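Examining the three-dimensional arrangement
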Amino acid sequence: MTHCPMNTFSQTIWLVPIYAVLGAVLTLPWSPGLIRRSGPRPAGYINLLMTAIAVGHSFLALGEVWSAPRKFSINWLHAASLNITFDVTVTATTVGALVVILGLNLLTQIYAIAYLEMDWGWARFYALLAGFEAGMAALMLTNSLFFSYVMLEILTLGTYLLIGFWFNQSLVVTGARDGFLTKRVGDLVLLMGVVALYPLAGTWNYDELAAWASTAKLDPTVATLLGFALLAGPLGKCAQFPLQLWLDEAMEGPMPATVLRNSVVVSTGAWVLIKMQPILDLSPVVVSAEIFVGAFTAVSCAAIALAQIDIKRIFSYATSSYLGVVFIAVGTGEAEAALVLLLTYAVAMALMLMSVGGIILNNVSQDITQFGGLWSRRPVSAICFVVGALSLVAVPPLGCFWGLATIANSLPPVLLTVLLLVNGLTACSLARVFGHMFTGSATDWTKRSPEGLWALVLPMTVLLGIALHLPQLLAVLGLLPDLALIIEPTTLLLIGSTITGAGVGLYLYVGDLIPKPIRLPYPGVQDFFAYDLYTAQLYKVTVIFVVGFVAKAIDWCDRVLVDGAVNLVGLFTIASGESLKYNTSGQVQFYALSILLGTILFGLLLSYPLLSNLHLSLF
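Described below are features of the structure shown in this document. (Residues numbered from 1 in each chain as written. Predicted model: local features only at pLDDT ≥ 70, side-chain atom pairs only at ≥ 80, totals over all residues. Heavy atoms only, no water.)

Next up on the list: the packing of aromatic side chains. Per the counting criterion, the structure on display carries 18 aromatic pairs. On the basis of an interplanar angle of 20 degrees and a centroid distance of 6.1 Å, the ring pair of tyrosine 111 and tyrosine 115 is categorised as stacked. Within this pair, tyrosine 111 and its partner tyrosine 115 are both found in helix H4 (residues 92–115), separated by four residues, close to a single helical turn. Judged by relative accessible area, tyrosine 115 falls into the buried class, the value being 11%. (Phe/Tyr/Trp six-rings, centres within 6.5 Å; stacked < 30°, edge-to-face > 60°. Helix = DSSP H or I, 4+ residues; strand = E, 2+ residues; numbered from the N terminus. Buried < 20%, exposed > 50% of the residue type's maximum accessible area, 1.4 Å probe, protein only.)

As structure tokens, then:
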């Protein structure tokens, strides 16, 4: 690779993850017990500075690689026939993803200044956000499946630690544990696939894997098993069925971490899925399973969100639902549209979570039924929520409309019906949240609910501007589809589903025309969705029961059989020793008698085969 002074920022793009690591290291002096007089705030400001530098570096590198992408490798390990390199791809797509991730991280850190104003865990929180930042930045740059797995593991650890940030609460500890163990299922299976892939392809480089997959002739069974193993990782990271419950548990963490996790962290699994898709395409069974899981998760989670009253849970299921749509898009060959949807979704979701986060902080409640009348009290939050909601569903020309419309026009009728249903249910769910929180009369919880501190409002308004100008940004990036897409019949159906869903939600939840709370004629149906399709209970009577039974059986074998056999040998040894001590009388005749009896017994054992043959010959 030739070194050109004009490409300084793109050549040193590998420094971007290191900025975050350096910021995390510099927070150590403000750990508890070291520096007390200044308080923990400097730790946050240092991380803010390092993230701002990373954003600037990435933005300048984006201009350099706009028309001249580059690749380079760093040797990491070479042993025998195993050669592991850290392959780096610097393209407009990867660096653009860096700008989005780092920009949202910067805004989230500013948001956390106000949200954690009275918290003394700043050093730990900002260090964990820096770990998120470093892992995601390295994941965007690496062109290696092996190092992608490593970065996903770093994000899993960061998720666990951020969920358990307030570790003195029992529900937080339980949520962190359950979230970590659930994701570990997908991680371990993914590791099996990563290890099994290397002997077949001879590489972990994504470009080389795609070239290999285009000509590979694998046995169908091998291709299917390999594909399912590789698919398990994105299923866990993207909170897809049956590993979707961890994202609900993750809501126990601080709201700034929720903003970052729901907008970009969970999307990293979809990023890896897109990179691995050429390998998954080797098995039609795996592709069909990918589309089915995405469709089922999208519809079921969109329906579950409608039955929740905890606002964080509503958005956690909306996240799983939209990533299910991404799975459908990737499985049907619309990877570019999936990337556009991930970009626009990240901005819309972060904007809505920030708008409701300040309300949760001020009102100390996450129950939407306790809110009301906030439009006049928190107009900035209300406007940000409305724009975020409109950007999340198919409303032209805002955000997610372009990705959803592109995907819709490429789907067969069955999957198109799924997408229309998901978009309509999501629109209804967001209208329901808006009706509960911002319309109607003020409640005892919201009578005193002024707009938050500047650090809460500033990130929201910046994201508001980005969301409103996202179509122009897509046009500049060359990602905006042809405007004729708006008048396609399928697109009109998609817009119609938005109008229908939002209209039903507003009719039911705005004003007092319909008594609240709304009850379905069949309570069992409402409970079925309110309790997440009873998935947790299903786990208890299936997986958890089997694992518990096996664990108890192994424990019984260990206590009764293994320990029992060892104890029996020990008792026999003690008894033998106790019996022998009575023969040590000091009299020679007893010793001679013992030796004689032992010799006779040993001789009989040796002569037993001879005696048996003699017995047979006589008879």
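Still more to cover.
Checked against the element boundaries, arginine 177 lands in helix H7 (residues 170–201). Along the sequence, arginine 177 and glycine 164 sit 13 residues apart, while their C-alpha atoms lie 8.3 Å from each other.

What follows deals with the layout of surface pockets. The computed volume of the largest pocket comes to approximately 1200 Å³. Considering the residues around the largest pocket, the lining is formed by 35 residues, among which Thr174, Asp178, Leu245, Asp248 and Glu249 are closest to the centre. Mapped by element, the contributors of at least two residues to the lining of the largest pocket are H7, helix H10 (245–249), helix H14 (311–331), helix H15 (335–363), helix H23 (535–541) and helix H24 (543–580). The biggest single contributor to the lining of the largest pocket is H7, with eight residues. (1 Å grid on protein atoms, 1.4 Å probe; cavity = no way out; pocket = protein on both sides within 12 Å on 5 of 7 lines; lining within 4 Å. Points joined across faces, edges and corners; volume = space filled by probe spheres on them.)

With respect to the helices, strands and loops of the structure, serine 148 is situated in helix H6 (residues 145–163). Side-chain polar atoms of serine 148 contact the side chain of tyrosine 206, separated by 2.8 Å. Beyond its immediate stretch of four places on either side in the chain, serine 148 contacts Leu139, Thr142, Tyr206 and Val272. (Polar contact = N/O pair within 3.5 Å; in protein donor to acceptor, adjacent residues only side chain to side chain. Contact = heavy atoms within 4.5 Å.)

Under the counting rule described, the total for this entry stands at four salt bridges. Here arginine 184 ties to glutamate 153 by a salt bridge, and the two come within 2.4 Å at their closest N and O atoms. Taken as a pair, arginine 184 in helix H7 and glutamate 153 in helix H6 lie far apart in primary sequence, 31 residues in all. In this pair, the class of arginine 184 matches that of glutamate 153, namely buried. The partner of lysine 237 in a salt bridge is aspartate 187, with the nearest N and O atoms 3.2 Å apart. Within this pair, whereas lysine 237 is found in helix H9 (residues 220–237), its partner aspartate 187 is found in helix H7, the two being separated by 50 residues in sequence. (Salt bridge = Lys/Arg side-chain N within 4 Å of Asp/Glu carboxyl O.)

Moving on, we come to H6. Counted at 1.5 Å a residue, the expected span for H6 with its 19 residues is 27 Å, and the 27 Å between its end C-alpha atoms agrees. Burial of H6 is extensive: 14 of the 19 residues sit out of reach of the surface. A side-chain oxygen of the first residue of H6 lies 3.3 Å from the backbone nitrogen of phenylalanine 146; this N-cap is serine 144. (Expected span 1.5 Å × (residues − 1).)

Once that is clear, we can look at the packing of helix H12 (residues 267–280) against helix H13 (residues 284–306). In the contact formed by H12 and H13, the axes pass within 10 Å of each other and the chain directions differ by 145 degrees. Along the contact surface, H12 presents Leu273, Gln277 and Leu280, while H13 presents Val286, Val287 and Glu290. Considered class by class, the residues forming the contact of H12 with H13 number four nonpolar, one polar and one charged. (Axes fitted to C-alpha atoms, helices over the stretch in contact; angles between N-to-C directions. Nonpolar A, V, L, I, M, F, W, Y, C, P; charged D, E, K, R; others polar.)

Tracing the chain through its elements places threonine 439 in the loop between helix H18 (413–438) and helix H19 (454–468). For threonine 439, a relative accessible area of 16% translates into the label buried. Sequence spacing of threonine 439 and alanine 239 is 200 residues, and the spatial spacing of their C-alpha atoms is 32 Å. Excluding residues that lie within four positions of it along the chain, threonine 439 makes contacts with Gly372, Gly373, Phe434, Tyr509 and Val510. Within the structure, threonine 439 has its side chain in polar contact with the backbone oxygen of glycine 435 (distance 2.5 Å).

This paragraph deals with a nonpolar patch on the surface. A grouping of Leu453, Trp454, Leu458, Val462, Ile466 and Leu473 is seen on the molecular surface, where their side chains present a nonpolar patch of about 530 Å² in accessible area. Topologically, tryptophan 454 is positioned in helix H19. (Patch = residues over 30% accessible without salt bridge, like charges linked within 9 Å, V, L, I, M, F, W, Y side chains within 5 Å. Areas by Shrake-Rupley, 256 points an atom, 1.4 Å probe, with all protein chains shown as cover.)

Once that is clear, we can look at helix H20 (residues 470–477). Looking only at H20, the buried set comprises Leu470, Pro471 and Leu474. Seen end-on, H20 carries its buried residues on one side only, within an arc spanning 105 degrees. Of the residues flanking the end of H20, it is glycine 478, one or two places downstream, whose phi is positive at about 75 degrees. (Arc of directions from axis to C-beta.)

Just geometry here; none of it tells us what the structure is for.
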